[in-house]
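Each chain, letter by letter, is given below.
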Amino acid sequence: MIPRLKALLRGDADRLTSCLAAPDAAALATYFVVTLIGSGVYGLTLGIWRAPLQSLYTAVKFPLLIFLTCAGNAMLNGMLAQLLGSGLSFKQTSLAILMSFAIAAMILGGFSPITLFIWYNSPPLASKSAILGHSVMLLTHVLAIAFAGVIANRRLLDLLRKISGRDATARSVLFSWLAGNLFLGAQLAWNLRPFIGSPTLAVQFFRDDPLRGNFYEAVWRAFRHLFF
């Protein structure tokens, strides 16, 4: 397991190409388990500001969000990879996406002490600045998740270069994957809310109105609370 993870984190193009060419059950299990554990640990830090129960809910839902995004993008990114001439099959694209999410999950798991520190120093739920505290937590986690996603996909650039044989093709595929992860992941996160939990709403596993509003409106409101 450790050699595979080292190769993944280093973006070892030779090792990762071999894995894509002949994937085995052990490699798939490693990426799946790492993604599950890393995202689950980070999920605990997402909901802790609202309540311990919300933290437990989010520890379950955040890995679910990751795997749903991975599954949802597998077909789309597979088509994009072929249209852009990457040389990757649908099966290989799906495995590459899982690899990127495994890297992101490890980064987010490593961020957990930092996000807990920010939670500890944010305005508490019972204070008059609870809305401000919610905004701080929301924007912190959005930035952390976006950073992890970008770095995780960037680690696959050498792999894409090696398989496609062209830097321009590799970068086009990389940016298309990033865009797909951003838009699908953001919307799924909104539909599966709450993750952090609103100070004015009850702790719930899912909201009663999952299709009302959108993720970008929520981020903009949080930004306005902090800076305007």
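Above this text is the structure in question.
In this text the structure is predicted, and so the values were computed from the model without any measurement.

Participant: Whenever I open this one, the pattern of salt bridges confuses me. Can you help?
Facilitator: Pairing between side chains of opposite charge can happen when the charged atoms of each approach one another. Inspection of every chain in the model, using the stated rule, returns six salt bridges. The salt bridge involving Asp167 is made with Arg161; its shortest N-O contact spans 2.5 Å. Among the residues examined, Asp167 registers a relative accessible area of 35% and is labelled partly exposed. Across the pair Arg193 and Asp209 runs a salt bridge whose closest N-O atoms are separated by 3.4 Å. Note that Arg193 is positioned in the loop between helix H8 (167-191) and helix H9 (215-227) and Asp209 in the loop between H8 and H9, a separation of 16 residues in sequence. Residue class for Asp209 comes out partly exposed when judged on its relative accessible area of 27%.

Participant: Honestly, unusual backbone geometry in this entry has me stumped. Any pointers?
Facilitator: Leaving glycine out, the prevailing phi sign among residues is negative, and the prevailing peptide bond configuration is trans. The omega torsion of the bond from Arg193 to Pro194 falls at 5 degrees, within 30 degrees of zero and hence cis. One can find Pro194 in the loop between H8 and H9.

Participant: Hey, could you run me through the packing of aromatic side chains in this one?
Facilitator: Applying the stated criterion across every chain yields a total of ten aromatic pairs. A ring pair is formed by Tyr57 and Phe205, whose centres lie 5.3 Å apart and whose planes are at 85 degrees; its orientation type is edge-to-face. Of this pair, Tyr57 sits in helix H4 (residues 52-83) while Phe205 sits in the loop between H8 and H9, and the two are 148 residues apart along the sequence. A relative accessible area of 24% places Tyr57 in the partly exposed class. Considering the side-chain rings of Phe215 and Tyr216, the 5.4 Å spacing of their centres and the 85 degrees angle between planes classify their relative orientation as edge-to-face. On the basis of relative accessible area, Phe215 is assigned to the buried category, the value being 18%. Judged by relative accessible area, which is 37%, Tyr216 ranks as partly exposed. Three or more aromatic residues joined by ring pairs make a cluster, and in this case those are Tyr42, Phe62 and Phe195. When the ring centre of Phe195 is taken as origin, the NZ or CZ atom of Lys61, which lies over that ring, is 4.9 Å away. Taking the ring centre of Trp190 as reference, the NZ or CZ of Arg193 above it sits at 4.0 Å.

Participant: Teacher, can you tell me more about the environment of Pro23 here?
Facilitator: Examined against the element boundaries, Pro23 turns out to sit in the loop between helix H2 (13-21) and helix H3 (25-47). Since its relative accessible area comes to 31%, Pro23 is described here as partly exposed. As for Pro23 and Val173, which are separated by 150 residues in sequence, their C-alpha atoms are 21 Å apart. Contacts of Pro23, omitting those with residues within four sequence positions, involve Lys91 and Leu95.

Participant: Explain the nonpolar core to me, please; I cannot follow it from the model alone.
Facilitator: It is characteristic of soluble globular proteins that their nonpolar side chains tend to be buried jointly. Counting 53 residues, the largest nonpolar core has Tyr31, Phe62, Met99 and Trp177 as the members making the most contacts within it. Sequence-distant contacts of Tyr31, defined by excluding residues within four places in its chain, comprise Leu8, Leu16, Cys19, Leu95, Leu98, Met99 and Ala102.

Participant: Any chance you could explain the packing of helix H7 (residues 157-164) against H8 here in plain terms?
Facilitator: Helices that pack against each other are described as a pair by the angle of their axes relative to one another and the distance between those axes. Orientation of H7 relative to H8, taken along the N-to-C sense of each, is 130 degrees, at an axis distance of 8 Å. In terms of their interaxial angle, H7 and H8 are classed as oblique. Crossing of H7 over H8 shows right-handed handedness. On H8, the residues touching Leu157, Leu160, Arg161 and Ser164 of H7 are Asp167, Thr169, Ala170, Arg171, Val173, Leu174 and Trp177. Class assignment of the residues belonging to the contact of H7 with H8 gives a composition of six nonpolar, two polar and three charged.

Rules used in this analysis
Residues numbered from 1 in each chain as written. Predicted model: local features only at pLDDT ≥ 70, side-chain atom pairs only at ≥ 80, totals over all residues. Heavy atoms only, no water. Salt bridge = Lys/Arg side-chain N within 4 Å of Asp/Glu carboxyl O. Buried < 20%, exposed > 50% of the residue type's maximum accessible area, 1.4 Å probe, protein only. Helix = DSSP H or I, 4+ residues; strand = E, 2+ residues; numbered from the N terminus. Phe/Tyr/Trp six-rings, centres within 6.5 Å; stacked < 30°, edge-to-face > 60°. Lys NZ or Arg CZ within 6 Å of the ring centre and 35° of its normal. Contact = heavy atoms within 4.5 Å. Core = buried A, V, L, I, M, F, W, Y, C linked by side-chain atoms within 4.5 Å. Axes fitted to C-alpha atoms, helices over the stretch in contact; angles between N-to-C directions. Parallel < 35°, antiparallel > 145°, perpendicular 65-115°, else oblique. Left-handed = near helix turned anticlockwise from the far one by under 90°. Nonpolar A, V, L, I, M, F, W, Y, C, P; charged D, E, K, R; others polar.

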